[in-house]
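Take a look at the letters that make up each chain.
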Amino acid sequence: MTKITAIHSGGDWADASAHYLVLPDGLDIGAERKKWKQSYEKEYRSDSTTILYVDFYEWLKKAGARDPLPDELTVYVCR
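Values in this document were obtained by computation on a predicted structure and should not be read as measured data.

Caption draft 1: Highlighting the overall build of the protein chain. Counting its secondary structure elements, the protein chain contains 2 helices and 2 strands. Secondary structure elements of the protein chain, listed N to C terminal, follow the sequence β-β-α-α. Looking at the protein chain residue by residue over its 79 residues, the buried ones come to 18%. Relative to all contacts within the protein chain whose residues are 6 or more apart in sequence, the contacts with residues 24 or more apart total 49%. Total accessible area on the protein chain is roughly 6,300 Å²; 52% of this is exposed by carbon and sulfur atoms.

Set out below in structure tokens:
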């Protein structure tokens, strides 16, 4: 069975976004988070005029994660 991982990006309710990904076997999301944070601090924050920002969701996709297929995910929004 495919395992779906939800990435909740928002630190507050103003940006309570969620992205859904299928992670490849062996991808350590904690280790990738540390790599992304180091890259953000080193590259983007030091020279944001020339470096294109990559959020954690896109970072994971570059590391081999993929968006779920339509039949792999149903999202119910309760309001």
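Caption draft 2: Representation of the nonpolar core within the structure. Ranked by size, the top nonpolar core spans 9 residues in total: I7, L21, L23, L27, W36, F56, Y57, L60 and A65. A total of 3 residues in this core trace back to one element, the largest contributor, which is helix α2 (residues 56-62). Those residues in contact with W36 that lie beyond four places of it in its chain are Y53, V54, D55, F56 and W59.

Caption draft 3: Looking closely at the packing of aromatic side chains. Counted under the stated rule, the structure contains 2 aromatic pairs. Between W36 and Y40, the aromatic rings sit 5.7 Å apart at their centres with planes inclined by 25°, giving stacked as the arrangement. With W36 and Y40 both in helix α1 (residues 29-44), this residue pair falls 4 residues apart, about one helical turn. The exposure class of Y40 is partly exposed, given its relative accessible area of 21%.

Caption draft 4: Representation of the environment of D25 in the model. Within the secondary structure, D25 is located in the loop between β2 (18-22) and α1. Overall, D25 belongs to the exposed group, its relative accessible area being 82%.

Caption draft 5: Structural detail: the pattern of salt bridges. Within this structure, the stated rule accounts for 4 salt bridges. Its salt-bridge partner being K61, residue D67 comes within 3.0 Å of it at the nearest N-O pair. With relative accessibility at 33%, the residue D67 sits in the partly exposed group.

Caption draft 6: Representation of the pairing of strand β1 (residues 4-8) in the model. Side-chain alternation along β1 places T5 and I7 on a buried face and I4, A6 and H8 on a face that remains uncovered. Direction of pairing for β1 relative to β2: antiparallel, over a ladder of 5 bridges. Each residue of the ladder has a partner; that of I7, found in β2, is H19.

Caption draft 7: How the structure looks around the confidence of the model for the protein chain. Looking at the protein chain, the pLDDT average stands at 81 and 77% of residues meet or exceed 70. Within the protein chain, α2 carries the highest mean pLDDT (92), whereas β1 carries the lowest (76).

Thresholds, definitions, all that
Residues numbered from 1 in each chain as written. Predicted model: local features only at pLDDT ≥ 70, side-chain atom pairs only at ≥ 80, totals over all residues. Heavy atoms only, no water. Helix = DSSP H or I, 4+ residues; strand = E, 2+ residues; numbered from the N terminus. Buried < 20%, exposed > 50% of the residue type's maximum accessible area, 1.4 Å probe, protein only. Contact = heavy atoms within 4.5 Å. Areas by Shrake-Rupley, 256 points an atom, 1.4 Å probe, with all protein chains shown as cover. Core = buried A, V, L, I, M, F, W, Y, C linked by side-chain atoms within 4.5 Å. Phe/Tyr/Trp six-rings, centres within 6.5 Å; stacked < 30°, edge-to-face > 60°. Salt bridge = Lys/Arg side-chain N within 4 Å of Asp/Glu carboxyl O. Pairing = 2+ DSSP bridges. pLDDT = per-residue confidence, 0-100.

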